[in-house]
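# Report on the structure
So the chains spell out like this:
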Amino acid sequence: MAELARRAGIAKSTLSQLESGAGNPSVETLWALGVALDVPFSRLVDPPRPVVRVIRAGEGPVTHSERADYAATLLASCPPNARRDVYRIEAQPGEVRASDPHMPGTVEHVVLSTGRALVGPPAEPVELHPGDYVSYPGDAPHIFRALAPDTVAVMVMEHV
């Protein structure tokens, strides 16, 4: 447990709380654990699913950021031997959602549904409007910053 906490950059007490089911991890904590374990984020939050799956707006496993008004709802995770997870992102203007690098080879694809956002590498984010698409390396630092209220996007995370 000490080695995992060290590799993920989280306190052993936090990891102990999560292991006992007493913790409520942020998206940052779950990403750090996924990277440390070399496991896609979706495997940490996705419950088993039926053959046909419908997720209505406002439903599904949501993970909130502790640093920005940002919530990621896992829509579809990558089954064994596949290479993608699908998320619905909901964000409000304010703090930028800065993401640490994910597993090597990860690529993120974002289609903006509503609002406006700056998305991609911190040094050169792209301003997206509804219907715009961007793809960028997810294994390097990247950001998502809502520029308009009730910004919504669909993100596909591709794993190698």
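What counts as what
Residues numbered from 1 in each chain as written. Predicted model: local features only at pLDDT ≥ 70, side-chain atom pairs only at ≥ 80, totals over all residues. Heavy atoms only, no water. Salt bridge = Lys/Arg side-chain N within 4 Å of Asp/Glu carboxyl O. Helix = DSSP H or I, 4+ residues; strand = E, 2+ residues; numbered from the N terminus. Buried < 20%, exposed > 50% of the residue type's maximum accessible area, 1.4 Å probe, protein only. Pairing = 2+ DSSP bridges.

Per the counting criterion, the structure on display carries six salt bridges. Where Arg67 meets Glu28, a salt bridge forms, and the shortest distance between an N and an O atom there is 3.7 Å. Here Arg67, found in the loop between β1 (62–64) and β2 (70–76), pairs with Glu28, found in helix α3 (residues 27–37); they are 39 residues apart in sequence, far enough to count as distant. Here Glu127 makes a salt bridge to Arg116, at a shortest N to O gap of 2.7 Å. Linking Glu127 in strand β7 (residues 126–128) with Arg116 in the loop between β5 (107–114) and β6 (117–120), this pair joins segments that are eleven residues apart in sequence. Judged by relative accessible area, Glu127 falls into the partly exposed class, the value being 36%. Given the relative accessible area of 30%, Arg116 is considered partly exposed. The network of salt bridges with shared partners includes Glu28, Arg67 and Arg97.

What follows covers the pairing of β6. Where β6 meets β7, three bridges bridge the pair, whose relative direction is antiparallel. By the bridge assignment for β7, Val119 is matched with Val126. Here four bridges tie β6 to strand β9 (residues 142–146), and the two strands are oriented antiparallel to one another. For Gly120, the partnering residue across the bridge sits in β9 and is Ile143.

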